[in-house]
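These are the residues of each chain, in order.
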Amino acid sequence: MSSGGINQFMRELDKRMREISAYQSTSGAVLGTILPDFSLKADNLPYVIPSGSYSVCRTVREGIRIGGEEILKPLAAGDRVLVAVYGAEYVVIDVID
């Protein structure tokens, strides 16, 4: 490989590493959607987070029943959700009505 080809390869590699780093250094909260296979599509990402690769708060995952009455429904496909982000960790913390 010529030095020109190596330089071009290194520039492209650097560009892609910066793009990935920008997503992983995010902190705060974002909105997202639970897809039919229970993967998560966060609005700030160009890709889908597979089911099992993100965390879900227990009350969101299981819902809440009081006296047999369902107060909060469990997480379902199609739900819009509020997602806390810390680095590369995504945590579904609530369902948005």
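What you see is a predicted model; the values in this text were computed from it and never measured. Throughout, residues of each chain are indexed from 1 in the direction in which the sequence is written. Local features are withheld for residues below a pLDDT of 70 in this predicted model, meaning they are given only at 70 or higher, and side-chain atom pairs are given and counted only at 80 or more; totals for whole chains, interfaces and linings count all residues. Heavy atoms from the whole structure form the basis of all side-chain values; hydrogens and water molecules are not counted.

### Regarding the sheet that holds strand β2 (residues 40-42)
Consideration 1: The criterion for strand pairing is that DSSP finds at least two bridges linking the strands in question. In DSSP terms, a helix is any run of H or I states spanning at least four residues, a strand is any run of E spanning at least two, and both are numbered starting from the N terminus. The strand order β2-β1-β6-β7-β3 describes an open sheet built from five strands, whose pairing is mixed. Two strands close off the open sheet at either side, each with one partner strand: β2 and β3 (55-56).

### Re the pairing of strand β7 (residues 89-96)
The side chains of a regular strand alternate, first on one face of the sheet and then on the other.
Consideration 1: Pairing geometry for β3 and β7, over two bridges, is parallel. Residue pairing across strands places Ser55 opposite Val91, the latter belonging to β7.
Consideration 2: With antiparallel pairing between neighbouring strands as the criterion, strand β6 (residues 80-86) and β7 make up a hairpin whose turn holds two residues, including Gly87 at a positive phi of roughly 65 degrees.

### Let's talk about the layout of surface pockets
Consideration 1: The volume enclosed by the largest pocket comes to roughly 200 Å³.
Consideration 2: Each cavity reported here is a set of points on a 1 Å grid over the protein atoms alone in which a 1.4 Å probe fits but cannot get out, each pocket an open set with protein on both sides within 12 Å along at least five of seven lines, and each lining residue one with an atom within 4 Å of a point. Lining the largest pocket, in full, are Thr59, Val60, Leu72, Lys73, Pro74, Ala76, Asp79, Asp94, Val95 and Asp97.
Consideration 3: Secondary structure elements with two or more residues in the lining of the largest pocket: α2 (58-62) and β7.
Consideration 4: Grouping the amino acids of the lining of the largest pocket by side-chain chemistry returns five nonpolar, one polar and four charged. Grid points are joined across faces, edges and corners, and a volume is the space filled by probe spheres set on the points. All residues other than Ala, Val, Leu, Ile, Met, Phe, Trp, Tyr, Cys, Pro, Asp, Glu, Lys and Arg, Gly among them, are scored as polar; the first ten of these are nonpolar and the last four charged.

### Things to note about the side chain of Thr33
Consideration 1: Structurally, Thr33 is set in strand β1 (residues 27-34).
Consideration 2: A distance of 2.9 Å separates polar atoms of two side chains, one belonging to Thr33 and the other to Arg80.
Consideration 3: Residue contacts for Thr33: discarding those within four places in its chain leaves Ser39, Leu40, Lys41, Gly78, Asp79, Arg80 and Val81. The term polar contact refers here to a pair of N or O atoms within 3.5 Å; inside protein, the definition further demands a hydrogen-donor-capable atom paired with an acceptor-capable atom, and it admits residues adjacent in sequence only when both atoms are side-chain atoms. Any two residues whose heavy atoms approach within 4.5 Å are treated as being in contact.

### A short note on unusual backbone geometry
What is expected of a backbone is that most residues other than glycine have negative phi and most peptide bonds are trans.
Consideration 1: Within the chain, Phe38 stands out as a residue other than glycine whose phi angle is a positive 65 degrees.
Consideration 2: Position of Phe38 among the secondary structure elements: in the loop between β1 and β2.
Consideration 3: When a residue's accessible area, from a 1.4 Å probe over protein chains only, is under 20% of the maximum for its type it is buried; when over 50% it is exposed; and in between it is partly exposed. A residue is classified by how much of its surface remains accessible, and Phe38, at 33% relative accessible area, is partly exposed.

### Here we look at the pattern of salt bridges
Consideration 1: Salt bridges are counted wherever a side-chain nitrogen of Lys or Arg sits within 4 Å of a carboxyl oxygen of Asp or Glu. Applying the stated criterion to the full structure yields two salt bridges.
Consideration 2: A salt bridge links Asp43 to Arg80; the nearest nitrogen and oxygen atoms lie 2.9 Å apart. One end of the pair, Asp43, is in the loop between β2 and β3; the other, Arg80, is in strand β6, with 37 residues separating them in the sequence.
Consideration 3: Look at Asp43 and you get partly exposed, because its relative accessible area is 48%.

### Section: the nonpolar core
Consideration 1: Ranked by size, the top nonpolar core spans 15 residues in total, and within it Leu40, Tyr54, Val83, Tyr90 and Val92 carry the most contacts.
Consideration 2: Among the elements of the structure, β1, β2, β6 and β7 are those that each provide at least two residues to this core.
Consideration 3: Sort the elements by how many residues they give to this core and β6 lands first, with three residues. In plain words, nonpolar cores are sets of buried Ala, Val, Leu, Ile, Met, Phe, Trp, Tyr and Cys residues tied together by side-chain atoms within 4.5 Å.

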